[in-house]
Amino acid sequence: MDLSTVKNVSPNRHLLKKILSLVFSIIVIIVSFVVITNANKAARDTVQVLRVKAGEGLPAYVLLTEDNTEKYDLIKKEYTKDMVLATEMQSVIGKLNKYYLREKSIIYQDQLADERAKKNEWLYELGEEQEVVTIPYNYLECGGDVLLPGDCVRIRVCYEGNPVAALSVENPNNRVIQTRGKTMITTILFDSIVVKDMLNANGHSIYEVYKEVMKLSEEKKQEVMKSKDFLKNIQPKALLLAGSREQMNDYAQFKSLDSKLFLITLLSRVNSQVILDELPTLENEVKLWIEKRQND
């Protein structure tokens, strides 16, 4: 055999690439297998929690029962300590949900309350030395929709005649003007007083109106906010003011005067606690809807 006719054989470059591709594919397969195995293991590693069973969700302040709740297997990695476990079912049955809960939504501890929230809860927080008075309010002349519960206002009063003893001419806030033989006196009745709530034309609390709407589902909420009755019910006709005994005594001296003689001005919110700040979502939705109606 003539060995001189045999050519030198060099390694094939493509063969090396094929080997590397094969090794890489094997690594990908192994990694994928491990990931899928761990995922299957995690899917089997679950914890039972409670969720809403009701078909249309739960409106606010509805008693939780075995009929409107159900157990649900949740992957343990997604579980958080504030969720209600299925083992705690008997301890939460009979409690109330604080706001609307969607269908199939998991129930959390901070969503539940032992009793229904009190209406006008600010009355329970009122200081013993404070009193509340209701005064007429002109929606268009006194700040429009800018004024909200929690705001502070300053109220001036203008009347004819001699200064009242408690608010005499010696008061630096008094302004006395002689016109056409009449003495007109302007004084600051309340230098700063808190607006705790506002009443609509029906005498209902506007803050409570907002709260009731907030409890509805999104669909119902939109439906209510698009009604003329809703916009009418959030227009204030009177203010509920909380002040000291001395402030109420001063107001008592002028309560028989024409309400048009009262001038209400807004003060800074720097140190105020506006109640409706707690309901920003609803307030923003109302504003957007009002703007849309005005542009149509």
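Residues numbered from 1 in each chain as written. Predicted model: local features only at pLDDT ≥ 70, side-chain atom pairs only at ≥ 80, totals over all residues. Heavy atoms only, no water.

**Q** What should I look at first to understand the overall build of the protein chain in this one?
**A** Looking only at helices and strands, the protein chain features seven helices and ten strands. Burial analysis of the protein chain (296 residues in total) assigns 33% to the buried set. A sequence separation of at least 24 residues applies to 76% of the contacts in the protein chain between residues at least 6 apart. For the protein chain, the accessible surface area stands at approximately 19800 Å², while carbon and sulfur atoms represent 53% of it. (Helix = DSSP H or I, 4+ residues; strand = E, 2+ residues; numbered from the N terminus. Buried < 20%, exposed > 50% of the residue type's maximum accessible area, 1.4 Å probe, protein only. Contact = heavy atoms within 4.5 Å. Areas by Shrake-Rupley, 256 points an atom, 1.4 Å probe, with all protein chains shown as cover.)

**Q** I'm lost on helix α6 (residues 245-252) in this one. Help?
**A** In an α-helix there are 3.6 residues to a turn, and that puts residues three or four apart on one side. Within α6, the full set of buried residues consists of Gln247, Met248, Asp250 and Tyr251. Projection of α6 onto a plane perpendicular to its axis shows the buried side chains occupying an angular sector of 155 degrees, all on one side. Structurally, α6 contributes buried residues whose contacts are with β5 (130-136), β8 (182-199), β9 (238-244) and β10 (262-266). (Arc of directions from axis to C-beta.)

**Q** Is there a simple way to explain a nonpolar patch on the surface in this structure?
**A** The grouping of Leu15, Ile19, Val23, Ile27, Val31 and Val35 at the surface amounts to a nonpolar patch, some 520 Å² of accessible area in total. Here Ile27 shows up in helix α1 (residues 13-44). (Patch = residues over 30% accessible without salt bridge, like charges linked within 9 Å, V, L, I, M, F, W, Y side chains within 5 Å. Salt bridge = Lys/Arg side-chain N within 4 Å of Asp/Glu carboxyl O.)

**Q** How should I be thinking about the packing of aromatic side chains in this particular structure?
**A** To describe a pair of aromatic rings, you give the distance between the ring centres and the angle between the ring planes. Following the criterion strictly, the structure yields two aromatic pairs and no others. The interplanar angle of 75 degrees and the centroid separation of 6.4 Å between the aromatic rings of Tyr210 and Phe230 together place this pair among those described as edge-to-face. Note that Tyr210 is positioned in helix α3 (residues 206-214) and Phe230 in helix α5 (residues 228-233), a separation of 20 residues in sequence. Side by side, Tyr210 and Phe230 carry an identical accessibility label, which is buried. (Phe/Tyr/Trp six-rings, centres within 6.5 Å; stacked < 30°, edge-to-face > 60°.)

**Q** Can you walk me through the nonpolar core in this structure?
**A** It is characteristic of soluble globular proteins that their nonpolar side chains tend to be buried jointly. Ile135, Val153, Ile155, Phe190, Leu239, Leu241 and Ile264 are the most contacted members of the largest nonpolar core, which totals 29 residues. Once you skip the residues sitting within four places of it in the chain, Val153 turns out to touch Leu147, Phe190, Asp191, Ser192, Ile193, Val195, Leu241, Ile264, Thr265, Leu266 and Leu267. In terms of nonpolar packing, the next biggest core, distinct from the first, is built from ten residues, Val52, Leu58, Met89 and Ile107 among them. (Core = buried A, V, L, I, M, F, W, Y, C linked by side-chain atoms within 4.5 Å.)

**Q** How should I be thinking about α3 in this particular structure?
**A** Burial within α3 is extensive, with seven of its nine residues counted as buried. For α3, the N-terminal cap is Ser205; the gap from its side-chain oxygen to the backbone nitrogen of Tyr207 is 3.4 Å. (Polar contact = N/O pair within 3.5 Å; in protein donor to acceptor, adjacent residues only side chain to side chain.)

**Q** Could you clarify how one ought to interpret the pairing of strand β1 (residues 46-52) in this entry?
**A** For a regular strand, the rule is simple: side chains alternate between the two faces of the sheet. Taken across its seven residues, β1 has five buried, putting it largely inside the fold. In terms of strand pairing, β1 meets strand β2 (residues 69-75) through seven bridges, oriented antiparallel. Its bridge partner lying in β2, Gln48 is registered against Asp73. (Pairing = 2+ DSSP bridges.)

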